[in-house]
Amino acid sequence: MLLGASLITVSALLVYFVTIINVGRARAKYKVMPPAMTGDENFERALRVQQNMLEQLVLFLPIMWIFSYYVSELWGAIIGGVWILGRVLYAWGYYQEAKKRMVGFGISSLSIMALLLTCLYSLTMVLVGSF
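A brief structural summary. (Residues numbered from 1 in each chain as written. Predicted model: local features only at pLDDT ≥ 70, side-chain atom pairs only at ≥ 80, totals over all residues. Heavy atoms only, no water.)

1. What to know about the overall build of the protein
Part 1: A count of helical and extended segments in the protein gives 4 helices and 0 strands.
Part 2: In sequence order, the secondary structure elements of the protein are arranged as α-α-α-α.
Part 3: If one aligns the C-alpha atoms of the protein with their principal axes, the spans along those axes are about 60 × 30 × 25 Å.
Part 4: Within the protein, buried positions represent 38% of all 131 residues.
Part 5: Considering only contacts in the protein between residues 6 or more positions apart, those separated by 24 or more positions represent 66%.
Part 6: As displayed, the protein offers around 7800 Å² of accessible surface, 73% of which is attributable to carbon and sulfur atoms.
Part 7: Taking the 10 positively charged and 6 negatively charged side chains of the protein as two groups, their mean positions are separated by 5 Å. (Helix = DSSP H or I, 4+ residues; strand = E, 2+ residues; numbered from the N terminus. Buried < 20%, exposed > 50% of the residue type's maximum accessible area, 1.4 Å probe, protein only. Contact = heavy atoms within 4.5 Å. Areas by Shrake-Rupley, 256 points an atom, 1.4 Å probe, with all protein chains shown as cover. Lys, Arg positive; Asp, Glu negative; His and termini not counted. Charge placed at Lys NZ, Arg CZ, Asp CG, Glu CD.)

As structure tokens, then:
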């Protein structure tokens, strides 16, 4: 059923939804009305957090699902949970100031690398074994 991957997906999308809400709140607070994409630095950081989360989701979701299916659902959910933690720390730090985003960036990047490299290895072994 891949319940773990499903729960991680919903959790990741919930975090993303919160970043969308934060952009709307920042627009109102700093009076940066659409279609403007620049203005107060605090608004721009909120917008960048939301944009970066979307950019990361495009890579994270497929690789987490592939990992969960071909490698381990449990480890896919665990590594996915670590990725979410990294994204939350990234957002929390970036909302304060750009320099504070690096810990979260590192955690989420290492999670992606673990998923990606393990998938590449496992799928290669499956292909080699099929010949």
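Read on for the rest.
2. Description of a nonpolar patch on the surface
Part 1: On the surface, a nonpolar cluster with roughly 430 Å² of combined accessible area is contributed by Leu14, Phe17, Val18, Ile20 and Ile21.
Part 2: If you trace the backbone, Val18 turns up in helix 1 (residues 3-30).
Part 3: A relative accessible area of 40% places Val18 in the partly exposed class. (Patch = residues over 30% accessible without salt bridge, like charges linked within 9 Å, V, L, I, M, F, W, Y side chains within 5 Å. Salt bridge = Lys/Arg side-chain N within 4 Å of Asp/Glu carboxyl O.)

3. Points about the packing of helix 2 (residues 41-70) against helix 3 (residues 73-96)
When two helices pack together, you describe them by how their axes are tilted relative to each other and by the distance separating the axes.
Part 1: The N-to-C vectors of helix 2 and helix 3 enclose an angle of 175 degrees; their axes lie 11 Å apart at closest approach. Taken together, the axis directions place helix 2 and helix 3 in an arrangement best described as roughly antiparallel. (Axes fitted to C-alpha atoms, helices over the stretch in contact; angles between N-to-C directions. Parallel < 35°, antiparallel > 145°, perpendicular 65-115°, else oblique.)

4. Let's talk about the nonpolar core
Part 1: Core analysis: the biggest nonpolar cluster contains 20 residues, and Leu57, Phe60, Trp83 and Leu115 have the highest contact counts within it.
Part 2: Put simply, the parts of the chain that give this core at least two residues each are helix 1, helix 2, helix 3 and helix 4 (102-129).
Part 3: The dominant element in this core, judged by the number of residues it contributes, is helix 2, at 7 residues.
Part 4: The next biggest cluster of nonpolar side chains, apart from the first, holds 6 residues, and it includes Val23, Val32, Ala46 and Leu47. (Core = buried A, V, L, I, M, F, W, Y, C linked by side-chain atoms within 4.5 Å.)

5. What to know about helix 4
Part 1: Its 28 residues place the ends of helix 4 40 Å apart at the C-alpha level, agreeing with the 40 Å of an ideal helix rising 1.5 Å per residue.
Part 2: Among the residues of helix 4, those classed as buried are Gly104, Ser108, Ser111, Ile112, Leu115, Cys119 and Ser122.
Part 3: Each element contacted by the buried residues of helix 4 is listed here: helix 2 and helix 3. (Expected span 1.5 Å × (residues − 1).)

6. Comments concerning the environment of Leu2
Part 1: By secondary structure assignment, the location of Leu2 is in the segment before helix 1.
Part 2: The spatial distance from the C-alpha of Leu2 to the C-alpha of Trp65 is 8.5 Å, given a sequence separation of 63 residues.

7. Some points on unusual backbone geometry
Part 1: Omega for the bond connecting Pro34 with Pro35 falls within 30 degrees of zero, at 10 degrees, which places this linkage in the cis form.
Part 2: Among the structural elements, Pro35 can be located in the loop between helix 1 and helix 2.
Part 3: Its identity as a non-glycine residue notwithstanding, Leu2 has a phi of 55 degrees, on the positive side.
Part 4: Residue classification places Leu2 among the buried positions, given a relative accessible area of 18%.
Part 5: If you check the backbone angles, Lys31 has positive phi at about 55 degrees while not being a glycine.
Part 6: Of note, Lys31 is situated in the loop between helix 1 and helix 2.
Part 7: On the accessibility criterion, Lys31 (68% relative accessible area) is exposed.

That's the geometry; what it means functionally is another story.
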